[in-house]
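# Structural characterization, general
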Protein chains: 2
Amino acid sequence: MSVFDASSTSRRAPESSLPISRRRLLLGSAGAMASVSLLGLSPLARSEEPKTLPDYVRWKNANDVIVHSANTIETERGAIGSGVVTNSDKLYVRNNLPAPNADVVADRNAWKITLEGVNSPQTLTLGELKKMGVETVTAVLQCSGNGRAYFEHGPGGTQWGTGAAGCLVWTGVPLRDVVARLGGVKPDMNYITSTGGETLPAGLDPKTIMVERSVPVRALDQALLAWQMNDEPVPLAHGGPLRMVIPGYFGVNNVKYVERVAFTEGQSDAKIQASGYRIRPIGEKGAPGQPSMWEMPVKSWVTAPLTTASKGRNLIYGVAFGGINAVNQVEVSADGGETWKSARFLGPDMGRYAWRPFVVAMDLSAGDHRIVSRATDTEGNTQPPTRTENERGYGNASWKDHGVTVTVS
Amino acid sequence: MSVFDASSTSRRAPESSLPISRRRLLLGSAGAMASVSLLGLSPLARSEEPKTLPDYVRWKNANDVIVHSANTIETERGAIGSGVVTNSDKLYVRNNLPAPNADVVADRNAWKITLEGVNSPQTLTLGELKKMGVETVTAVLQCSGNGRAYFEHGPGGTQWGTGAAGCLVWTGVPLRDVVARLGGVKPDMNYITSTGGETLPAGLDPKTIMVERSVPVRALDQALLAWQMNDEPVPLAHGGPLRMVIPGYFGVNNVKYVERVAFTEGQSDAKIQASGYRIRPIGEKGAPGQPSMWEMPVKSWVTAPLTTASKGRNLIYGVAFGGINAVNQVEVSADGGETWKSARFLGPDMGRYAWRPFVVAMDLSAGDHRIVSRATDTEGNTQPPTRTENERGYGNASWKDHGVTVTVS
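Residues numbered from 1 in each chain as written. Chains lettered and ligands numbered in written order. Predicted model: local features only at pLDDT ≥ 70, side-chain atom pairs only at ≥ 80, totals over all residues. Heavy atoms only, no water.

As a further point, take the sheet that holds strand β17 (residues 327–333) of chain B. All names here are of chain B. Reading across from one edge, β15-β22-β21-β17-β18 is the order of the five strands in this open sheet, with mixed pairing throughout. Looking at which strands have only one partner, the edges of the open sheet turn out to be β15 (308–309) and β18 (341–342). Relative to strand β21 (residues 367–377), β17 runs antiparallel, the two being bridged by six bridges. Bridge pairing in β21 places V330 opposite A375. (Pairing = 2+ DSSP bridges. Helix = DSSP H or I, 4+ residues; strand = E, 2+ residues; numbered from the N terminus.)

Structure representation (C-alpha cells):
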C-alpha cells in the first residue's frame, strides 16, 4: 500500500494455495547472484516478512510484490486487478544476471546494437532505430518457471506461483522493418539469436552465464526492438534502453539490454540456450534435442477471491491469455472442475498477445470451494487439467494446479 | 526522472509554445486553497523551479508534472509517450476542494452512496455495489480549462497547456445496472446529479463551494460508478473510494468521493453547476442559460518533437480523441496548416472514449516549423482552427493554439 492508499485487504491474502511442500526455505535461482529466498515457512510468512526491494527496483510498490531474491521478484496474485495493463511498479523481475550499471540509460539514444546475418550487417544506435519505424504491441511477459511452485518433485529455482507474468504495452521498431533496411535476411538462416549486454562476472566461462537466446525465424513476424514499456522508457530493471520483445514467447527470449541480433543457421551454443530452458524428463540433463521454452500455451488463473468470500452472489475475477494465439474463451468452476460456467471478458481487447481480465458471477454456498479457471485459444487449444512434468518445473499451464480453495461463510 | 531512469532529455523541454503573455505569475484557481502558481516568468522557469508535490500526491512522479498549486498539477506535454494508457503517477490533478481525510480509504467497501430519484431510493455501500455488476471502460479525463494558457484575454484560473488530460482505465458498476435494481428512474427526470463527499470549509455558504454536478440523463448510457483506476483502487487524490465517471464528458462531471446520485428534474443549484463551468462571452457573468461543460469535442495535440529536431526524417507523435465520439482520423502539418499528411494510430484501440496515440513520418528541412495536428471524429466533426472565445477559457480545441514551433537543424 505504499504509493496508493489502497485498503482492500482481501486481495492481499497470502497464497494459501501453495502446496505445503513448497513452503520451505529455498535458494534463489540466480546462481552466483542469488540470495536466500524470502518465501517463508508458514502460510502467513509472505505477508509478514519484511520486504526489502533492491536499489535498482526501489521504485516498485513493495506491497504488491514478493521479493524472492535480488533478481527474482514476483507480483502478488491478488495485486492483479481488473485492468488490462500491468503497472510497471508491480511487474515481476527475473534477471539471469545483474542489471548493467545505470550509465547505460544515461544516454539512451547512444545505445548500440549490431545486426548480423542480414545482407548488409550494421551497427545502429537506438537513436537511429527510432527513426526507422514504430509499433505499439500489448503482450504478456511470462517467465518459463511461472507456476513452478505447484510442481511436487521439488524443482530448484524460484518458487513462482502465478506472479511471474504481466501484460505490458511495448513500443519499438518491428525487427522486420530494420531487417528490410539492411537488405533482408541471408539465405538458410533458421534462428533469430539475441545477445544481452550485461557485464559478465570475471573468472567464469562466458558461455555458461551469458544471456543469448535463439528463437525460430518465424518470430520475425512479431519481434520488436522496444524502447518503451507502459508509456515510459523501458526501465533498467526490465531491459532498457533496448529490449528484444517477442510477443507470444516465454520471458527468457525477450533479451534485455540487447546489443546484438544475429540471424543464424543454428541455435546459440550458450548454456542458457543449448541446455537451459528445456523441457526434459525429471532426473535428466538438459540437451539441445529437448523442446526449448519458446511459444507460450493458453493459460488462465483466478485473481479474486483467493481465500475467503461471503455466501451468495460473488464476482470471480481472473486473467487469461492465449500465448502465441489470442484467447477466445474462459470457463470457471467453483467445484474443482465438476461443473463449468462461461466467464466474460472485462474491458478492451488489447490484441492477440495481450491477456484479458475476465469475470463471472457465481452463487457460492457456505463451505470450502475449489475455484478453477480454464481458457481456450482461438485455435481450439484448451488449458490442460494437469501439468507436463519436467525436471526444471517449466511451462505449467495446468488449470488444476492454478486453482484456489476459498472458504465461504 | 525519479522512479524511472529515463534519459530522453528532449521530451522534458519547457513548453516554449506558451504565449509570452501567459508566462507571468498567476494565482491558482482553487479559491481559498490556492497557492501561488509555479508557472514562471521565463521560458525556462518551469523546468528550473523546484517542484514540491503536496503530501496527498507525494507518490506522483515529480519530473513528469508541473505543480501549479496544491490542487492543480499538470502533466508535462512531453511526458505523454506512445502508450495508450496514462500512468497514474503522471496523471493531472485538479480538485475544486481539498481531498477528504485519508480515513475514507481505510475501509473502502464501507463507503456509502445514496441513490435518489429512482423508484426505490436506497443507500448502498461500495461493498454492495461491487456485487451488482462490473465493467471496464477506457476514457479520456480532461479538465474544462485544459488549453486555457492559449487564450489571449487572460482568463483567471490555472494556466493549463495540454496536460490537464489523461487516458485512464476505469472499473466499476454501470450506473444503469444499479438503477435497474432500484426500480428504474422516476418519470420526468432530466438530469443525473452527483454530489461529492468532500468536507466543506466552515463559515461559507455550502452552495457556493460544494461539488455537485448535473449532466443530462442521456449520460446514463455510459456513466460508471468506479472503484478502480488503472488496475488499482482509485487513489484518494483522484476521487477514491468511489468516483462518478462519465466517459466523453469534461472532468468536472466526474464527481469524486461521490456520496449521492440523484435523478432530478432540474439541474443542481450549486454554484459549480448553476453559474460555474459555462461558456459565456468575455466580461459576462455565469448563468444557467449558458452552455454547460458537458460533452467533450474532438481534439488532438503533438507530444514530440516539441522544441528541436534534426533535419531529415522525423517521427511526429501525438494523441487524439473524439470526446463523446470515437476519433477517426488525424492529420499533421509541419507548415502551420498549409499542407497536411495523414497520421496513423499507434497501438490497440481501447474503445470509443479512449484517446489514440498517433505517429507520422515527415521529412523536415532546417529552420523553424510550426507543427500542428487536426483530428476528426466518427461523426465527421473536425477540430477547428480557432478556439471559441469565452470568459473562463474553457473547452479550447483549436488546432492552431495547440501547435508547437520546432527548430530543425
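L129, L175 and L225 of chain A together with L129, L175 and L225 of chain B are the most contacted members of the largest nonpolar core, which has 162 residues in total. Residue contacts for L175 of chain A: discarding those within four places in its chain leaves L115, I192, L220, A223, L224, L225, M244, V261 and F263 of chain A. (Core = buried A, V, L, I, M, F, W, Y, C linked by side-chain atoms within 4.5 Å. Buried < 20%, exposed > 50% of the residue type's maximum accessible area, 1.4 Å probe, protein only. Contact = heavy atoms within 4.5 Å.)

The next subject is the relation of the copies chain B and chain A. Two copies of a chain can be linked by a rotation about an axis combined with a shift along that same axis. Aligned on chain A, chain B shows an RMSD of 0.0 Å; the corresponding rotation is 180° and the shift along the axis is 0.0 Å. Viewed as a symmetry operation, the transformation between the two copies matches a two-fold axis. Using C-alpha coordinates, one finds that chain B approaches the rotation axis most closely at M350 of chain B, a distance of 3.6 Å. Both copies contact each other with a shared surface, as 100% of the interface residues of chain B are interface residues in chain A too. (Least-squares fit on C-alpha atoms with pLDDT ≥ 70 in both.)

What follows covers the packing of aromatic side chains. Scanning the entire structure with this criterion turns up twelve aromatic pairs over all chains. Their ring planes at 90° and their centres at 6.2 Å tell us that W301 of chain A and W355 of chain A sit as a pair that is edge-to-face. In this pair, W301 of chain A sits in strand β14 (residues 299–304) while W355 of chain A sits in the loop between β19 (344–345) and β20 (356–364), placing the two residues 54 residues apart along the sequence. A ring pair is formed by Y277 of chain B and Y394 of chain B, whose centres lie 5.2 Å apart and whose planes are at 15°; its orientation type is stacked. With a gap of 117 residues between them, Y277 of chain B in the loop between α5 (271–274) and β14 (299–304) and Y394 of chain B in the loop between β21 and β22 (404–408) connect regions that are remote in the sequence. Taking the relative accessible area as the measure of exposure, Y394 of chain B reaches 4% and is therefore buried. Here a set of aromatic residues connected by ring pairs shows up, and it is made of W301, F321 and W355 of chain A. The cationic tip of R374 of chain A hangs over the ring face of W340 of chain A; the distance from NZ or CZ to the ring centre is 3.9 Å. (Phe/Tyr/Trp six-rings, centres within 6.5 Å; stacked < 30°, edge-to-face > 60°. Lys NZ or Arg CZ within 6 Å of the ring centre and 35° of its normal.)

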